[in-house]
Amino acid sequence: MNTGAPWPSLGEARSRVLEIQTKLHRWASDDADRRFDDLFNLVVDPATLIVAWHRIRGNKGARSAGVDGQTARSIEAGRGVDAFLSDLRADVKQRQFRPLPVRERMIPKTAGKFRRLGIPTTGDRVVQAALLTVLEPILEADFQPCSYGFRPNRRAHDAIAEVHLFARNGYTWVFEGDIEACFDNIDHTALMDRLRRRVADKRVLALVKAFLKAGILGEDQVTRETRTGTPQGGILSPLLANLALSVLDEHFTRTWQQTSATRVDRARRHRHGLATYRLVRYADDFVVMVNGTRAHAEALHEEVAAILAGAGLRLAPDKTKIAHIDEGFDLLGFRIRRDTKQGDGRRHVYTYPSKKALASITRKVKAISRQGTNQPLTKILHQVELVLRGWTTYFRHGVSNATFCYLRHYTWRRVVLWLRKKHRRASWKSLRRRYTVRGWWPEQNGIKLFDPGAVKIVRYRYRGSSIPTPWSRPADPLLACLA
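Heads up: these notes are all about the structure in this document. Each chain carries its own residue numbering, running from 1 in the written order of its sequence. Selection of residues for local features in this predicted model requires a pLDDT of at least 70, selection of side-chain atom pairs for listing and counting requires 80 or more, and totals for whole chains, interfaces and linings are taken over all residues. Hydrogens and waters are ignored; side-chain quantities use all the structure's heavy atoms.

**Concerning the state of the cysteines**
Point 1. Cysteine sulfur pairs qualify as disulfides if the two atoms are within 2.5 Å. Per the counting criterion, the structure on display carries zero disulfides.
Point 2. Free cysteine: Cys 146, not disulfide-bonded; nearest cysteine sulfur from Cys 182 at 15 Å.
Point 3. Burial classes: relative accessible area under 20% of the type maximum marks a residue as buried, over 50% as exposed, and values in between as partly exposed (1.4 Å probe, protein chains only). Since its relative accessible area comes to 10%, Cys 146 is described here as buried.

Written out as structure tokens, the structure reads:
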């Protein structure tokens, strides 16, 4: 790739970057021992930087400034994107680029806890996105099919579908693993050692290490060193976290291939009182499905803890549990449990929204309906639709009809209470005439209250290990034309 070429258009840049990503992924897939030693020129290539800029510009985080106070919009309105990228490229090429500390922001979680979010500067985000563009196709060739979080073309529903499949085929005991402060405790030395297995370019390795050591500017305006971890918020952090946690994937994949790859192997183990195991991981949330006894599941605790210790991680004692599929367990917002089907008496494995997920969405609807009454109903209806549409779209692949109907009633009641509060002296009859259709459903200016009960339930098809990457190409030209 000609790194001295002028800045290409976005279309040309995307085409060029896709071509080189496809090559990198193919080379990495064909040779598991290959180490790439000339990636720096690809990172600083104008096409890569343009694609990186548009990637971070389209994120919601582009509206948040780092420690330098600059946002993507302010850069566009100031010196311009071309000048910004030219200066950034020159600094990186001349080895003068130094990442600035990320700006800390504590995000509230449930039970009064907080999650630390790190907001990098816009320049740091562009360089991270460029590194991600080059490194992701290479590292994806090594990642195992049991991992689904923050990977291209993979989603949480694939992980749920795989757990559902295993639960229906005898894997009835579940080891629910939870890693304590995963993104904050990843060991830098172990992470860089794993990256060096594939990357030999010292300039790229130095860039990655510089981001790991950039530091954090806390909310108390005190800068702290980052000796461990990859702060959440950086576009490169999920890839590095997956790289660190892939040690867990590789262990269980290797064990499966050595002891349980065939039906005969699995039958032999079961005859001898041994168990078989399958790992399903989404980022730092994972479960190990066990076809055996509770004792087999409990024995996993020390085994998993020893594997994670090599990456500087440890299990959270209060969140790591053993459960039976008949009791059920929560994963990625879903409750997965085997229960008796009404009517035929047979037992089936069901996935439906968890109580925690339902409580989360009802809190959001309640917060919207508690806003001041000096605004039109249309604004409330629009805000409610935004939160409900995304939530129901995520859970429409489960057994969610009863939950959706409950949410329909709850939302209607909250909006009606808001209307009654807005018009304290109006009768229900006048409110119905002014704000509802069909005599009861809230509407104003053609905007209706979103109806969760009308969302269609759609079965999610299990895709297994055949999920293609964005850089996979059909071998048959006819298939390529039909794709």
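**Digging into helix 3 (residues 46-57)**
Point 1. The end-to-end C-alpha separation of helix 3 is 16 Å, in line with the 16 Å expected for twelve residues at 1.5 Å each.
Point 2. By the criteria applied, helices consist of DSSP H or I runs no shorter than four residues and strands consist of E runs no shorter than two, each listed in order from the N terminus. Among the twelve residues that make up helix 3, nine are buried, leaving the element largely enclosed by the rest of the structure.
Point 3. Looking at helix 3, one finds that the buried residues are Pro 46, Ala 47, Thr 48, Leu 49, Ile 50, Val 51, Ala 52, Trp 53 and Ile 56.
Point 4. Here a polar contact is taken to be a pair of N or O atoms separated by no more than 3.5 Å, where protein atoms must pair a possible hydrogen donor with a possible acceptor and residues adjacent in sequence count only if both atoms sit in side chains. The residue sitting at the N-terminus of helix 3 and contributing the capping side-chain oxygen is Asp 45; that oxygen lies 2.9 Å from the backbone nitrogen of Ala 47. For a helix, the expected span equals 1.5 Å multiplied by the residue count minus one.

**Some thoughts on the packing of helix 16 (residues 401-422) against helix 17 (residues 428-435)**
Each pair of packed helices gets described by two things: the angle between the helix axes and the distance between those axes.
Point 1. Helix axes are fitted only over the stretch in contact, all axes being lines through C-alpha atoms; the angle between N-to-C directions runs from 0 to 180 degrees. Relative to each other, helix 16 and helix 17 sit at 110°, their axes nearing to 11 Å. One way to sum up the angle between helix 16 and helix 17 is to call them roughly perpendicular. Every pair of crossing elements has a handedness; the one defined by helix 16 and helix 17 is right-handed. The segment helix 16 lies against helix 17, with Trp 412, Val 416, Leu 419, Arg 420 and Lys 422 engaging Trp 428, Leu 431 and Tyr 435.
Point 2. Only Asp, Glu, Lys and Arg are considered charged, only Ala, Val, Leu, Ile, Met, Phe, Trp, Tyr, Cys and Pro nonpolar, and every remaining residue, Gly among them, polar. When the residues that make up the contact of helix 16 with helix 17 are grouped by side-chain class, the tally is six nonpolar, no polar and two charged. For this classification, under 35 degrees means roughly parallel, over 145 means roughly antiparallel, 65 to 115 means roughly perpendicular, and everything else is oblique. Should the near helix be turned anticlockwise from the far one by less than a right angle, the crossing is termed left-handed; should it be turned clockwise, right-handed. Contacts between residues were defined by any pair of non-hydrogen atoms, one from each residue, lying within 4.5 Å.

**Details of the side chain of Thr 48**
Point 1. By secondary structure assignment, the location of Thr 48 is in helix 3.
Point 2. Look at Thr 48 and you get buried, because its relative accessible area is 3%.
Point 3. Sequence-distant contacts of Thr 48, that is, excluding residues within four places in its chain, are made with Val 17, Leu 42, Val 43, Ala 130, Thr 133 and Val 134.

**Here's the deal with the sheet that holds strand 11 (residues 347-353)**
Point 1. Spatially, three strands are ordered 9-10-11 in an open sheet, and the strand pairing comes out antiparallel. The sheet terminates laterally at strand 9 (329-331) and strand 11, the two strands that pair on one side only. The average undirected angle you get between the axes of adjacent strands in this sheet is 30°.
Point 2. Strands were regarded as paired on the criterion that DSSP finds at least two bridges between them. Where strand 10 (residues 334-340) and strand 11 come together, seven bridges link them in antiparallel fashion. Residue pairing in the sheet places Ile 336 in a bridge with Thr 351 of strand 11.

**Details of the environment of Phe 143**
Point 1. Its location among the elements puts Phe 143 in the loop between helix 6 (122-140) and helix 7 (156-168).
Point 2. Overall, Phe 143 belongs to the buried group, its relative accessible area being 10%.
Point 3. Through-space distance from the C-alpha of Phe 143 to that of Asp 249 is 7.9 Å; in sequence the pair is 106 residues apart.
Point 4. Excluding residues that lie within four positions of it along the chain, Phe 143 makes contacts with Arg 151, Leu 239, Asn 242, Leu 243 and Ser 246.

**Quick notes on the sheet that holds strand 13 (residues 441-444)**
Point 1. The antiparallel open sheet is built from three strands, whose spatial order is 12-13-14. The two strands at the open ends of the sheet, each matched to only one other strand, are strand 12 (436-437) and strand 14 (447-448).
Point 2. As paired strands, strand 12 and strand 13 are joined by two bridges and run antiparallel to one another. Bridged to Val 437 within strand 13 is Trp 441.

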